[in-house]
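Analysis of the macromolecular model
Take a look at the letters that make up each chain.
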Protein chains: 2
Amino acid sequence: MLSWISSGAFSTQQQFPSERDLENAFKVSRMTIRRALSELVEEGYLYREQGRGSFVARPRLEHQLGRLTSFTEDMKLRNLATDSIILNRTVVNDRDVAKRMGISDEDKFVRLDRIRLIGDQPAAIQATFVRHVLAPDLVDQELVEGSLYRTLEVIYGLEIGHAEQAIEAKPADEYEAEMLKVSRYSPVLALERLTFLRNGEPVEFVRSTFRGDRYRFVVALKR
Amino acid sequence: MLSWISSGAFSTQQQFPSERDLENAFKVSRMTIRRALSELVEEGYLYREQGRGSFVARPRLEHQLGRLTSFTEDMKLRNLATDSIILNRTVVNDRDVAKRMGISDEDKFVRLDRIRLIGDQPAAIQATFVRHVLAPDLVDQELVEGSLYRTLEVIYGLEIGHAEQAIEAKPADEYEAEMLKVSRYSPVLALERLTFLRNGEPVEFVRSTFRGDRYRFVVALKR
DNA sequence: AAGTGGTCTAGACCACGTT
DNA sequence: ACGTGGTCTAGACCACTTA
């Protein structure tokens, strides 16, 4: 509603109209103005100082703040051509993954093994485990826009909420070396991600291995 | 104000009192209730569905959502004893770093070289560049609680806003190998972080190298 | 139809910075 | 003293879900 003002011509470096001014200018109540301004602050376009006023922040970030994106979406953001080879789709049990999710050993997963390409070079291998109850026929489902997340959202109506992600550096093992076409022991990024629905239920666990020289993780943080 | 309700005894798995109920129960207006609820949603304790109600989410996260913490603060969170050896404090020019910050080549930095210990083992080496104009006598300033961020906040009144952080895996070079006591070419995490004040001005640039086997990055993301 | 969350209004008082 | 953002009130109407 108000976002236009800042995105557009207003990009000076300094003072922004006061809330009372905007209230008059836009003929809406002050609470509404404040909600809109809060969003702009949240997105990093403005900052406010009590008693002084609101100011336009210096423009920022190639990346959104602590935002969860899939590999596909991430690459699209950076305008990199991406492709993905599906090695396997199976329904499996996995005690390890079940434990990580805090669910029963009996629960099945749809396991998806993929190689991720940037351009036509392998950049990562990924093993994804989606809870079978939540996406029953995922094994033979075409992926929406090639993206698992989009598929979960569009086909299964699952609302993805948040994730916890851990990253570490380790030497490539034999399998990884072969798949990524790097020499053994060369540094790779090992990523584990546990994804939850909006209600806090776990949906997905991903184990990925990225080539150290082809991929870097960028993340925005706020204090 | 309201946070007690959820943090405390209310931790069932389901329905939360409606906004109208809470309004009566707490004798505050609905807008106030809604603001409080929004915070709880933001923090991941609740989720809401229009037309259905508010619900208690399954508890989450060892880590805060996309939060910026320093090494010291981070380790304190995880209850790990940490120490830090300061190798060097100098005032320098650095074209590279200046460029990354988008400021003039002429601007000086306070450069701080440190080795970070977990327990008594080296876990990382860090070179930190703080803009000299913003923290003039930082070179001979005692660090508040051993933390640079706390020092910037408390001594210099700088309000840290956000950061962009990139992580990649690479083989240790000769210097890193020696300092971290690992063999050459063993995998390490290279981290670069650019930190900004609330108004968007850059303050700090950090280049860190972490031992791959001693440190893993955990981050929470939301969709 | 009734109950839920989502949005908005038109005021009020407070805390803080600047003058 | 004045202008700023921060918080709150007591209502209203809308969109959506469930029965």
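Residues numbered from 1 in each chain as written. Chains lettered and ligands numbered in written order. Predicted model: local features only at pLDDT ≥ 70, side-chain atom pairs only at ≥ 80, totals over all residues. Heavy atoms only, no water.

**Overview of the sheet that holds strand β6 (residues 121-131) of chain B**
Note the following rule: Between any two strands, at least two bridges found by DSSP are needed for them to pair. Numbering of helices and strands runs from the N terminus, with a helix taken as a DSSP run of H or I at least four residues long and a strand as a DSSP run of E at least two residues long. For every element, the axis is a line fit to its C-alpha atoms; helices are fit only across the contacting stretch, and the angle between N-to-C directions ranges from 0 to 180 degrees.
Across the sheet, seven strands lie side by side as β10(A)-β7(B)-β8(B)-β9(B)-β6(B)-β5(B)-β4(B); this open sheet has antiparallel pairing. Only two strands of the sheet have a single neighbouring strand rather than two, namely β10 (217-222) of chain A together with β4 (82-93) of chain B. Put simply, the sheet's adjacent strands are angled 15 degrees from each other on average, direction ignored. Pairing analysis gives ten bridges linking strand β5 (residues 108-118) of chain B to β6 of chain B, with the strands arranged antiparallel. Of the residues in β6 of chain B, the one forming a bridge with Leu-112 of chain B is Thr-128 of chain B.

**Concerning the relation of the copies chain B and chain A**
We apply this condition: Fitting of the copies onto one another was done by least squares over C-alpha atoms, counting residues only where both copies have pLDDT of at least 70.
Placing chain B over chain A gives an RMSD of 0.1 Å and needs a rotation angle of 180 degrees, together with 0.0 Å of translation along the axis. Expressed as an axis order, the relation between the two copies is that of a two-fold axis.

**Points about the protein's contact with DNA strand D**
For the record, the criterion: Nearness is defined per residue: one heavy atom within 4 Å of the molecule or strand is enough. Counted as a polar contact is a pair of N or O atoms within 3.5 Å, where, for protein atoms, one must be capable of donating a hydrogen and the other of accepting one, and residues adjacent in sequence contribute only when both atoms are in side chains.
If you check the shell around DNA strand D, you find 25 residues, and the closest are Arg-20 and Arg-34 of chain A together with Ser-29, Thr-32 and Arg-35 of chain B. Those atoms of DNA strand D that come within 4 Å of the protein belong to sugar or phosphate at a rate of 60%. One nitrogen or oxygen atom from the side chain of Arg-30 of chain A is found 2.8 Å from a base nitrogen belonging to DNA strand D. The contact in question runs from a base nitrogen of DNA strand D to an N or O atom on the side chain of Gln-50 of chain A, over 3.5 Å.

**Focus: the interface of chain B and chain A**
Put simply, an interface is often sized by how much accessible area is lost when its parts join up. Our working definition: Two residues form a contact once any of their heavy atoms are found within 4.5 Å. The quantity reported as buried area is the accessible area (1.4 Å probe) lost by two parts once they are put together, taken as the sum for both. Throughout this description, the term salt bridge denotes a Lys or Arg side-chain nitrogen within 4 Å of a carboxyl oxygen of Asp or Glu.
In this complex, chain B contributes 51 residues to the contact, which on the side of chain A involves 51 residues. With both sides pooled, the region where chain B packs onto chain A buries about 4600 Å², and carbon together with sulfur makes up 50% of that total. Summed over the shared surface of chain B and chain A, the number is zero salt bridges. At the boundary of chain B with chain A, the tally comes to two residue pairs in polar contact (both at pLDDT 80 or more). Those elements that provide at least two residues to the side of chain B that touches chain A are β2 (46-49), α6 (148-154), β7 (160-171), β8 (187-197) and β10 (217-222) of chain B.

**Details of unusual backbone geometry**
For Lys-181 of chain A, which is not a glycine, the phi torsion comes out positive at approximately 60 degrees. Along the polypeptide, Lys-181 of chain A turns up in the loop between α7 (174-180) and β8 (187-197). Unusually for a residue other than glycine, Lys-27 of chain B sits at a positive phi of about 55 degrees. Structurally, the position occupied by Lys-27 of chain B is in the loop between α2 (19-26) and α3 (30-42).

**What to know about the packing of aromatic side chains**
Inclusion rule: Classification of ring pairs rests on two measures: the distance between centres of Phe, Tyr or Trp rings, Trp counted by its six-membered ring, which must be within 6.5 Å, and the angle between planes, read as stacked under 30 degrees, edge-to-face over 60 and tilted in between. When accessible area is computed with a 1.4 Å probe and restricted to protein chains, residues below 20% of their type maximum are described as buried, those above 50% as exposed, and intermediate ones as partly exposed.
Summed over the entire model, instances satisfying the criterion amount to six aromatic pairs over all chains. Between Tyr-47 of chain A and Phe-55 of chain A, the aromatic rings sit 5.5 Å apart at their centres with planes inclined by 25 degrees, giving stacked as the arrangement. For the pair Tyr-47 of chain A and Phe-55 of chain A, a shared accessibility class is recorded, and that class is buried. Note on Phe-210 of chain B and Tyr-215 of chain B: the rings are 4.4 Å apart at their centroids and 20 degrees apart in plane angle, and the pair reads as stacked. The exposure class of Phe-210 of chain B is buried, given its relative accessible area of 3%.

**Considerations on the protein's contact with DNA strand C**
Here is the rule: Each residue receives one of three labels: charged for Asp, Glu, Lys and Arg, nonpolar for Ala, Val, Leu, Ile, Met, Phe, Trp, Tyr, Cys and Pro, and polar for the others, Gly being one of them.
Near DNA strand C lie 25 residues; those nearest to it are Ser-29, Thr-32 and Arg-35 of chain A together with Arg-20 and Arg-34 of chain B. Here the atoms of DNA strand C within 4 Å of the protein split so that 59% fall in sugar or phosphate, with bases taking the remainder. Contacts to DNA strand C include Arg-30 of chain A, whose side-chain N or O atom sits 3.3 Å from a base nitrogen. In the model, a phosphate oxygen of DNA strand C is placed 3.0 Å from a nitrogen or oxygen of the Ser-54 of chain B side chain. Of all the elements, helix α3 (residues 30-42) of chain A adds the most residues to the surface near DNA strand C, at four residues. Split by residue class, the surface near DNA strand C holds four nonpolar, nine polar and twelve charged.

**Section: the packing of helix α2 (residues 19-26) of chain A against α3 of chain A**
The relative placement of two packed helices is expressed as an angle between their axes plus a distance between the axes. All names here are of chain A. Going by this rule: If an angle is under 35 degrees, it is roughly parallel; if it is over 145, roughly antiparallel; if it lies from 65 to 115, roughly perpendicular; otherwise it is oblique. Handedness of a helix crossing follows the sense of rotation of the near helix relative to the far helix, less than a right angle counterclockwise being left-handed and clockwise being right-handed.
Between α2 and α3, the shortest axis-to-axis distance is 9 Å and the interhelical angle comes to 110 degrees. By the angle between their axes, α2 is roughly perpendicular relative to α3. Once α2 is placed against α3, the crossing between them reads as right-handed. Residues Glu-19, Arg-20, Leu-22 and Glu-23 of α2 touch α3, and the partners they reach there are Arg-30, Ile-33, Arg-34 and Leu-37. The residue inventory of the contact of α2 with α3, partitioned by class, reads three nonpolar, no polar and five charged.

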